[in-house]
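# Reading the structure
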2 protein chains.
Amino acid sequence: MAVRVDLNISLDGFATTTDQTPDNPFGDDWPRLVGAYASTRTFRERVMHDMSGEGSTGVDDAYARAYFTNIGAEIMGAGMFGFHSNLEDPNWQGWWGDQPPFECPVFVLTNRVPRPSLELSGTSFHFISTTPEAALKLALDAAGSRDVRIGGGASVVLDFLKAGLVDQLHVAIAPIVLGQGRQLWSELRGFETAFEVTSEIAESGTIHVTFRR
Amino acid sequence: MAVRVDLNISLDGFATTTDQTPDNPFGDDWPRLVGAYASTRTFRERVMHDMSGEGSTGVDDAYARAYFTNIGAEIMGAGMFGFHSNLEDPNWQGWWGDQPPFECPVFVLTNRVPRPSLELSGTSFHFISTTPEAALKLALDAAGSRDVRIGGGASVVLDFLKAGLVDQLHVAIAPIVLGQGRQLWSELRGFETAFEVTSEIAESGTIHVTFRR
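Presented here is an overview of the structure given in this document.

The rules we used
- Residues numbered from 1 in each chain as written.
- Chains lettered and ligands numbered in written order.
- Predicted model: local features only at pLDDT ≥ 70, side-chain atom pairs only at ≥ 80, totals over all residues.
- Heavy atoms only, no water.
- Helix = DSSP H or I, 4+ residues; strand = E, 2+ residues; numbered from the N terminus.
- Rg over C-alpha atoms; globule rule 2.2 N^0.38 Å.
- Buried < 20%, exposed > 50% of the residue type's maximum accessible area, 1.4 Å probe, protein only.
- Contact = heavy atoms within 4.5 Å.
- Buried area = accessible area lost by both parts, 1.4 Å probe.
- Salt bridge = Lys/Arg side-chain N within 4 Å of Asp/Glu carboxyl O.
- Polar contact = N/O pair within 3.5 Å; in protein donor to acceptor, adjacent residues only side chain to side chain.
- Nonpolar A, V, L, I, M, F, W, Y, C, P; charged D, E, K, R; others polar.
- Pairing = 2+ DSSP bridges.
- Axes fitted to C-alpha atoms, helices over the stretch in contact; angles between N-to-C directions.
- Least-squares fit on C-alpha atoms with pLDDT ≥ 70 in both.
- Patch = residues over 30% accessible without salt bridge, like charges linked within 9 Å, V, L, I, M, F, W, Y side chains within 5 Å.
- Areas by Shrake-Rupley, 256 points an atom, 1.4 Å probe, with all protein chains shown as cover.

## Brief notes about the overall build of chain A
- Regarding its fold elements, chain A presents six helices and eleven strands.
- Since a compact globule built from 213 residues should have a radius of gyration of about 17 Å, the 17 Å found for chain A is in line with a globular shape.
- Projected onto the principal axes, the alpha-carbon positions of chain A cover approximately 45 × 40 × 35 Å.
- The burial tally for chain A puts 50% of its 213 residues in the buried class.

Set out below in structure tokens:
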């Protein structure tokens, strides 16, 4: 049972982009940052429900498959759930559609509580307002013998990393320089000293670095 | 004939360390940042004049060998030459000893001019105060058909990178988080778009990323 994080970051350590505009809601940087992951067969099947068999099947896909393997519960922030969008729609059920890819209990950290849980074909979203430690206890209990993933966004992940609650961090580094966004590393000096570090290059050029306790 | 840069950086993009003290003049971060390079057989032979045959001979050493191959002239800053140390010694001839590893003309950018050139067993140091473009012209003329290296430090390298004067940038990324120092990437947003990017992992865990025009 491990607490795991996976993030797409740029060579300069940015885990989120900031070039979004109303006319270009994902920005130009987003596809450069997550393109290799979003091109994998696993992402297409699991997130896009594209069962055509298209998508890359190399090293990036192996990490994408691992991403969805043995997760018993997930913790995410309000933004990753989708609370910051479609504010005008009272029936908005988040970004993830009728068939979210998580297929496990998901604990959404938000101040919009109390709020009833939401069941969507195998994924249950539970809305909580608490500390990282207390959220993790809930998620570990729900996960049983399986792992817990801290899904994102970057701020939530950073809170858990800084609190020393993460057993495995995998970063997929796109070899691009963004120069702006939310920095993953800036408050993590010496982070690697508590971990074994391994790295691997994908066919796409993505550099996969994994820190394991 | 190419203009080349090689730098050791941390996972968070720091090319220099800042934890030095009078009692610990290199700091604790420096060996973590450059240790893999300094352990190569090529570095030991070429820089330390240790001809015992010890030192690593894998991927890191291949990059170290390439570092010293086909360089016809070098440009470096005053700090890398050694002007900022041993200020009290009028005979101080820089960091690099009687047998500097460069073995070519080296153009040192400094305000301490005019100053006579210095010949040290195959390496000639020329002291100039000029723009990156003018320094590069001098170096290219001196290099003939061979390459010019912009040696460092980080500030000098950044000046040349930002001016678009570099054809090949190789960064050897130590998988460590320094959290402080001189950032390589901060002013280079989109840098990679003018280059082909390739990456390779060394036995030491060092991630070698090369940008080539």
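Next, the rest of the story.
## Notes on the interface of chain A and chain B
- Chain A puts 27 residues into the contact, and the matching count from chain B is 27 residues.
- When chain A packs against chain B, close to 2,000 Å² is buried across both sides, 60% of that on carbon and sulfur atoms.
- By the criterion of area lost to chain B, the three top residues of chain A are Leu11, Val177 and Arg189 of chain A, representing 32% of everything that side buries.
- Between the two partners, chain A and chain B, sit four salt bridges.
- Between arginine 189 of chain A and aspartate 29 of chain B there is a salt bridge, with its nearest N and O atoms 3.0 Å apart.
- In this structure, the connection of chain A to chain B is made through ten residue pairs in polar contact (both at pLDDT 80 or more).
- Elements with a contribution of two residues or more to the side of chain A that touches chain B: helix H1 (29-38), strand S10 (196-201) and strand S11 (207-212) of chain A.
- Looking at which element gives the most residues to the side of chain A that touches chain B, the answer is S10 of chain A, with four residues.
- The residue inventory of the side of chain A that touches chain B, partitioned by class, reads 14 nonpolar, six polar and seven charged.

## A short note on the sheet that holds strand S11 (residues 207-212) of chain B
Residues and elements named next belong to chain B.
- Pairing is mixed in the open sheet, where nine strands are placed in the order S5-S6-S4-S3-S7-S1-S8-S11-S10. Among the strands making up the open sheet, the edge pair consists of strand S5 (118-120) and strand S10 (196-201). Here the strands of the sheet are splayed against their neighbours by 20° on average, with no regard to which way each runs.
- Note that strand S3 (residues 71-77) and strand S7 (residues 147-152) share five bridges and pair parallel. Within the sheet, the bridge partner assigned to glutamate 74 lies in S7 and is arginine 149.
- Contacts from helix H1 (residues 29-38) reach strand S1 (3-10) and strand S8 (168-174) within the one sheet, and its direction differs from that of S1 by about 125°.
- Relative to the sheet, helix H5 (residues 132-143) contacts S1, S3, strand S4 (105-109), strand S6 (123-128) and S7, its axis offset from that of S3 by approximately 155°.

## Details of the relation of the copies chain A and chain B
- Take chain A, turn it by 180°, move it 0.0 Å along the axis, and it overlays chain B with an RMSD of 0.0 Å. Within this description, the copies of the chain are treated as partners about a two-fold rotation axis. Judged by C-alpha distance, aspartate 12 of chain A is the residue of chain A that lies nearest the rotation axis, at 3.1 Å.

## Remarks on unusual backbone geometry
- The step from valine 113 of chain A to proline 114 of chain A runs through a cis peptide bond, and the omega angle for that step is -5°.
- The topology assignment puts proline 114 of chain A in the loop between strand S4 (105-109) and strand S5 (118-120).
- Cis geometry marks the peptide bond from glycine 152 of chain A to glycine 153 of chain A, where omega comes out at -5°.
- With respect to the element layout, glycine 153 of chain A can be found in the loop between strand S7 (147-152) and helix H6 (154-162).
- For asparagine 70 of chain A, which is not a glycine, the phi torsion comes out positive at approximately 65°.
- Take asparagine 70 of chain A: it is sitting in the loop between helix H3 (59-67) and strand S3 (71-77).
- Positive phi outside glycine occurs at histidine 49 of chain B, with the angle close to 55°.

## Description of a nonpolar patch on the surface
Residues and elements named next belong to chain A.
- Together, Phe26, Trp30 and Trp95 give the surface a local cluster of nonpolar side chains, amounting to about 330 Å² of exposed area.
- Among the secondary structure elements, tryptophan 30 is positioned in helix H1.
- Take tryptophan 30: its relative accessible area is 30%, and that puts it in the partly exposed class.

## Concerning the environment of valine 177 of chain B
- Inspection of the secondary structure puts valine 177 of chain B in the loop between S8 and strand S9 (182-183).
- You can call valine 177 of chain B buried: its relative accessible area is 0%.
- Other than its neighbours up to four places away in sequence, valine 177 of chain B contacts Trp185, Leu188, Arg189, Gly190, Phe191 and Glu192 of chain A together with Asp12 of chain B.

## Points about the environment of threonine 193 of chain A
Residue and element names in this part refer to chain A.
- Relative to the assigned elements, threonine 193 resides in the loop between strand S9 (182-183) and S10.
- Each C-alpha atom of the pair threonine 193 and arginine 213 lies 9.6 Å from the other, and the pair is 20 residues apart in sequence.
- A polar contact is formed between the side chain of threonine 193 and the backbone oxygen of glycine 190, at a distance of 2.6 Å.

## Regarding the sheet that holds S11 of chain A
Residues and elements named next belong to chain A.
- Spatially, nine strands are ordered S5-S6-S4-S3-S7-S1-S8-S11-S10 in an open sheet, and the strand pairing comes out mixed. Strands at the two margins of the open sheet, each flanked by one partner only, are S5 and S10. With strand direction ignored, the average angle separating the axes of adjacent strands in the sheet is 20°.
- Each of strand S1 (3-10), S3, S7, strand S8 (168-174), S10 and S11 is contacted by H3, which is oriented at about 35° to S11, the strand it contacts most.

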